[in-house]
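Below, each chain spelled out in residue letters.
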Amino acid sequence: MTTTIFALIILYLIYRWVISWIEYYSKLDKRLGESIWRYSYDYHVIGKRDVTLDDDETLVILRRKRNRAVTFMYLIFFLSFVIFMSFLNQILLRILSY
């Protein structure tokens, strides 16, 4: 049980670190938006033309870095959820075993 608590603390610190990177990338260019949970505009929308590498190389590279950080954030978030469920399972087993 202490190892799951330790793992949750470590994952929370990694999560906060990734969030700070996402916020940093978002502040570099206002076109990326302020949302932490949403990927940047990287897909085709009918009636709008996406910015390509030929149009604005710095924005596209920055957007890809930010999207990688968002993907890593989701990985940490769902891994934390699984470990938290394990932690709750351990607590319930201790309660029910008495």
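A closer look at the overall build of the chain
Looking only at helices and strands, one finds two helices and zero strands in the chain. Counting over 98 residues, the chain shows a buried share of 27%. Carbon together with sulfur atoms contributes 68% to the accessible area of the chain, which is approximately 7400 Å² in total.

Thoughts on the nonpolar core
In this structure, Tyr15, Ile22 and Met73 are the most contacted members of the largest nonpolar core, which totals 16 residues. Of all elements in the fold, only helix H1 (2-28) and helix H2 (57-97) reach the threshold of two or more residues within this core. Not counting residues within four places of it along the chain, the set of residues in contact with Met73 comprises Tyr15, Val18, Ile19, Ile22, Ile36 and Trp37.

A closer look at the pattern of salt bridges
Per the counting criterion, the structure on display carries two salt bridges. Of the charged contacts in the structure, one is a salt bridge between Arg31 and Asp29, with a shortest N-O distance of 2.9 Å. Arg31 sits in the exposed class, given a relative accessible area of 54%. For the salt bridge of Glu34 with Lys30, the shortest nitrogen-to-oxygen distance reads 3.7 Å.

Concerning the environment of Arg64
Mapped onto the elements of the fold, Arg64 is located in helix H2. Its relative accessible area of 44% is what places Arg64 among the partly exposed residues. In this structure the C-alpha to C-alpha distance between Arg64 and Ser40, which are 24 residues apart in sequence, comes to 8.3 Å.

Re the packing of H1 against H2
For any two helices packed against each other, one specifies the inter-axial angle together with the distance between the axes. The geometry of H1 relative to H2 is characterised by a closest axis approach of 9 Å and an angle of 160° between their N-to-C directions. Regarding the angle of H1 to H2, the classification is roughly antiparallel. With respect to the hand of their crossing, H1 and H2 are arranged in left-handed fashion. For the contact of H1 with H2, the per-class residue count stands at 22 nonpolar, five polar and two charged.

The rules behind the values
- Residues numbered from 1 in each chain as written.
- Predicted model: local features only at pLDDT ≥ 70, side-chain atom pairs only at ≥ 80, totals over all residues.
- Heavy atoms only, no water.
- Helix = DSSP H or I, 4+ residues; strand = E, 2+ residues; numbered from the N terminus.
- Buried < 20%, exposed > 50% of the residue type's maximum accessible area, 1.4 Å probe, protein only.
- Areas by Shrake-Rupley, 256 points an atom, 1.4 Å probe, with all protein chains shown as cover.
- Core = buried A, V, L, I, M, F, W, Y, C linked by side-chain atoms within 4.5 Å.
- Contact = heavy atoms within 4.5 Å.
- Salt bridge = Lys/Arg side-chain N within 4 Å of Asp/Glu carboxyl O.
- Axes fitted to C-alpha atoms, helices over the stretch in contact; angles between N-to-C directions.
- Parallel < 35°, antiparallel > 145°, perpendicular 65-115°, else oblique.
- Left-handed = near helix turned anticlockwise from the far one by under 90°.
- Nonpolar A, V, L, I, M, F, W, Y, C, P; charged D, E, K, R; others polar.

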